[in-house]
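# Inside the fold
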Amino acid sequence: MRRLRLPFRRPRPAVLLAAGLAAAALGTIATFGPASAGATKATPQEIVTAFNDGFADGRADATGDDNRDGRIDEDESGWDCHTMGNRVCGAPIVPTECKGAGVAVGLCVTVASRPAYGWANPDGSRVDNPDGHAQIRDLDEKPGTPGFPSALRALDAEWREHH
């Protein structure tokens with residue numbers, strides 16, 4: 001099979017190296033060389049500061065940190081509700097067990113969304129818990145009563161202890 005002929009010669013490595021060095025030299029002269037008419041020459045500290053500011057802005061833009069505070073909050077463009085936070089996307093749907101929970105509605109929705117789970121005690125006995133909806137329905141405290149938030153915190157602490 002014949003090799004395809006190009007209408008021009010391939011550049012030799014020495015030519016490519018010379019072109020790269022020339023571009024680097026011209027860039028260096030333009031940056032650090034004599035100032036153009038009306039322009040002031042930047043000090044090395046100003047150049048480093050400008051580079052760092054540009055790097056921080058570019059990093060924040062790439063990660064979605066809109067307010068550039070170093071972390072991605074829920075309403076910023078980099079937030080992914082499927083992998084960050086409580087992994088609940090959109091407005092939470094408040095189950096009937098949590099109606100009237102007041103300030104504890106967020107924790108109530110979290111507890112209600114948990115599946116059934118269980119564990120084995122050191123003595124070999126098994127403990128099985130129903131899903132979060134059933135656990136909230138079985139509480140002695142009802143939504144809106146003063147003891148309801150502390151009962152939810154106890155359910156949440158038990159879940160965290162075993163997961």
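Residues numbered from 1 in each chain as written. Predicted model: local features only at pLDDT ≥ 70, side-chain atom pairs only at ≥ 80, totals over all residues. Heavy atoms only, no water.

## A closer look at the overall build of the protein
A count of helices and strands for the protein gives five helices and two strands. Element order for the protein, N to C, with α for helix and β for strand: α-α-α-β-β-α-α. Looking at the 163 residues of the protein, the share that counts as buried comes to 19%. Pairs at least 24 residues apart make up 32% of the contacts formed inside the protein by residues separated by at least 6 positions. Carbon and sulfur atoms make up 59% of the accessible area of the protein, which amounts to about 12300 Å² in all. (Helix = DSSP H or I, 4+ residues; strand = E, 2+ residues; numbered from the N terminus. Buried < 20%, exposed > 50% of the residue type's maximum accessible area, 1.4 Å probe, protein only. Contact = heavy atoms within 4.5 Å. Areas by Shrake-Rupley, 256 points an atom, 1.4 Å probe, with all protein chains shown as cover.)

## Topic: the pairing of strand β1 (residues 117–120)
Of the two faces of β1, the one holding Tyr117 and Trp119 is buried and the one holding Gly118 and Ala120 is not buried anywhere. Where β1 and strand β2 (residues 126–129) come together, four bridges link them in antiparallel fashion. Along β2, the bridge assignment pairs glycine 118 with aspartate 128. (Pairing = 2+ DSSP bridges.)

## Here we look at helix α2 (residues 44–63)
Residues that lie three or four places apart on an α-helix share one face, since the helix turns once every 3.6 residues. The end-to-end C-alpha distance of α2 is 28 Å, a good match for the 28 Å that 20 residues give at a rise of 1.5 Å each. Phi turns positive, to about 90 degrees, at glycine 64, one or two residues after α2. (Expected span 1.5 Å × (residues − 1).)

## Some details on the nonpolar core
A general feature of soluble globular proteins is that nonpolar side chains tend to end up buried together. Counting residues in hydrophobic clusters, the biggest one holds twelve residues: Cys98, Ala101, Ala104, Cys108, Val111, Ala112, Ile136, Leu139, Phe148, Ala151, Leu152 and Leu155. Residue contributions to this core peak at four residues, all from helix α5 (residues 148–162). If sequence neighbours within four positions are ignored, leucine 155 has contacts with Val111, Gln135 and Leu139. (Core = buried A, V, L, I, M, F, W, Y, C linked by side-chain atoms within 4.5 Å.)

## Some details on the packing of helix α3 (residues 105–112) against α5
Two numbers describe how α3 lies on α5: the axes approach to 10 Å, and their chain directions differ by 40 degrees. Crossing geometry of α3 relative to α5 is assigned as left-handed. The segment α3 lies against α5, with Leu107, Cys108 and Val111 engaging Phe148, Pro149, Leu152, Arg153, Leu155 and Asp156. When the residues that make up the contact of α3 with α5 are grouped by side-chain class, the tally is seven nonpolar, no polar and two charged. (Axes fitted to C-alpha atoms, helices over the stretch in contact; angles between N-to-C directions. Left-handed = near helix turned anticlockwise from the far one by under 90°. Nonpolar A, V, L, I, M, F, W, Y, C, P; charged D, E, K, R; others polar.)

## What to know about α3
For α3, every residue scored as buried is listed here: Cys108, Val109, Val111 and Ala112. All buried residues of α3 project into a common sector of 165 degrees when viewed along the axis, lining one side. Looking at the buried residues of α3, the elements they touch are α4 (132–137) and α5. (Arc of directions from axis to C-beta.)

## Points about the side chain of aspartate 156
Note that aspartate 156 resides in helix α5. Residue aspartate 156 is classed as buried on the basis of its relative accessible area of 11%. With residues up to four places along the chain from it excluded, the contact list for aspartate 156 reads Leu107, Val111 and Arg114.

## Quick notes on the packing of aromatic side chains
Counted under the stated rule, the structure contains two aromatic pairs. Between tyrosine 117 and tryptophan 119 the ring centres are 6.0 Å apart and the planes differ by 25 degrees, which places this aromatic pair in the stacked class. Put simply, the rings of Tyr117, Trp119 and Trp159 touch in pairs and so form one group of aromatic residues. (Phe/Tyr/Trp six-rings, centres within 6.5 Å; stacked < 30°, edge-to-face > 60°.)

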